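Residue-level structure breakdown
Next come the chains, spelled out residue by residue.
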Amino acid sequence: MSAEELERLRQIGLSLDRAGQFWHGGGRVEHPRLRLALLRWLDVVDGRSVVRLDERRYAYVDVEDAHLRARSARWEGPRCWVLWDDEQERELAYGTLTQASDHALYVAVGALLGRIASPAYQVIAERVEEDAAAASGFGLRAAGARWPIGVRA
């Protein structure tokens, strides 16, 4: 199989909208376990969003906003844990926080991008403070430090 043929096969018409819904062929992916599997297979290859089965087998997915959405957040002492819609809980990557014009926070989740809005936003916002040195004017006090919050373009 040529590289061009393989490239065409990887373009399967899969997309992920801002609300976290997958679409294929004009229809929404309805099956909850398939949706969860697709979320867990999300990755980035050469700067492009993909669903990946293994190192060689993957297909492109168009991502409208962010790969993952925060379902909830909790503080455990000075550390913040976020439950994402792929049902994985991970510690917040404090140094990657940015804020969008709609006030939602975005953060790296490994190679992926995560969006934090209500109610997780409210939990995290408890430790947001003004920070004149930060691009957004705000910082997050967590994990023994103050983390400047950047501005998302």
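For the structure, see preceding data.
So, how was this worked out
Residues numbered from 1 in each chain as written. Predicted model: local features only at pLDDT ≥ 70, side-chain atom pairs only at ≥ 80, totals over all residues. Heavy atoms only, no water. Helix = DSSP H or I, 4+ residues; strand = E, 2+ residues; numbered from the N terminus. Buried < 20%, exposed > 50% of the residue type's maximum accessible area, 1.4 Å probe, protein only. Contact = heavy atoms within 4.5 Å. Lys, Arg positive; Asp, Glu negative; His and termini not counted. Charge placed at Lys NZ, Arg CZ, Asp CG, Glu CD. Salt bridge = Lys/Arg side-chain N within 4 Å of Asp/Glu carboxyl O. Pairing = 2+ DSSP bridges. Axes fitted to C-alpha atoms, helices over the stretch in contact; angles between N-to-C directions. Core = buried A, V, L, I, M, F, W, Y, C linked by side-chain atoms within 4.5 Å.

1. Considering the overall build of the protein chain
Counting its secondary structure elements, the protein chain contains 3 helices and 16 strands. Along the first, second and third principal axes, the C-alpha atoms of the protein chain reach 55 × 30 × 25 Å. Across the 153 residues in the protein chain, those meeting the buried criterion constitute 41%. Pairs at least 24 residues apart make up 43% of the contacts formed inside the protein chain by residues separated by at least 6 positions. A distance of 3 Å separates the average location of the 21 positive side-chain charges in the protein chain from that of its 23 negative side-chain charges.

2. Remarks on the pattern of salt bridges
Applying the stated criterion across every chain yields a total of 18 salt bridges. In this structure, E87 engages R40 in a salt bridge whose closest nitrogen and oxygen atoms are separated by 3.9 Å. In this pair, E87 is assigned in the loop between β8 (79-84) and β9 (89-91) and R40 in helix α2 (residues 32-41), connecting sequence segments 47 residues apart. Exposure remark for R40: the relative accessible area of 42% places this residue in the partly exposed category. A network of salt bridges, in which partner residues are shared, links R18, D65, D102 and R115.

3. Looking at the pairing of strand β6 (residues 58-63)
When strand β1 (residues 14-16) meets β6, the two strands line up parallel, connected through 3 bridges. Looking at the pairing, L14 lines up with V61 of β6. Where strand β5 (residues 48-52) meets β6, 3 bridges bridge the pair, whose relative direction is antiparallel. The partner of R52 across the bridge, within β6, is Y58. Between β5 and β6, which pair antiparallel one after the other, the connecting turn spans 5 residues.

4. Topic: the sheet that holds strand β2 (residues 22-24)
Spatial ordering of the open sheet is given by β3-β2-β1-β6-β5-β4, a layout of 6 strands whose pairing is mixed. Where the open sheet ends on each side, the last strands, each with one partner, are β3 (27-28) and β4 (42-45). Contacts between α2 and the sheet are confined to β1, β2, β4 and β5, with β4 contributing the most and set at about 30 degrees to the helix.

5. Considering the nonpolar core
If you look at soluble globular proteins, the nonpolar side chains tend to sit buried side by side. In terms of nonpolar packing, the biggest core is built from 32 residues, with F22, L42, L92, I116, I124 and L140 touching the most fellow members. If we skip the residues at most four places from it in the chain, F22 touches L14, S15, L16, G27, R28, V29, R35, L38, L39, L42 and V61.

The values are spatial; any link to function lies outside them.
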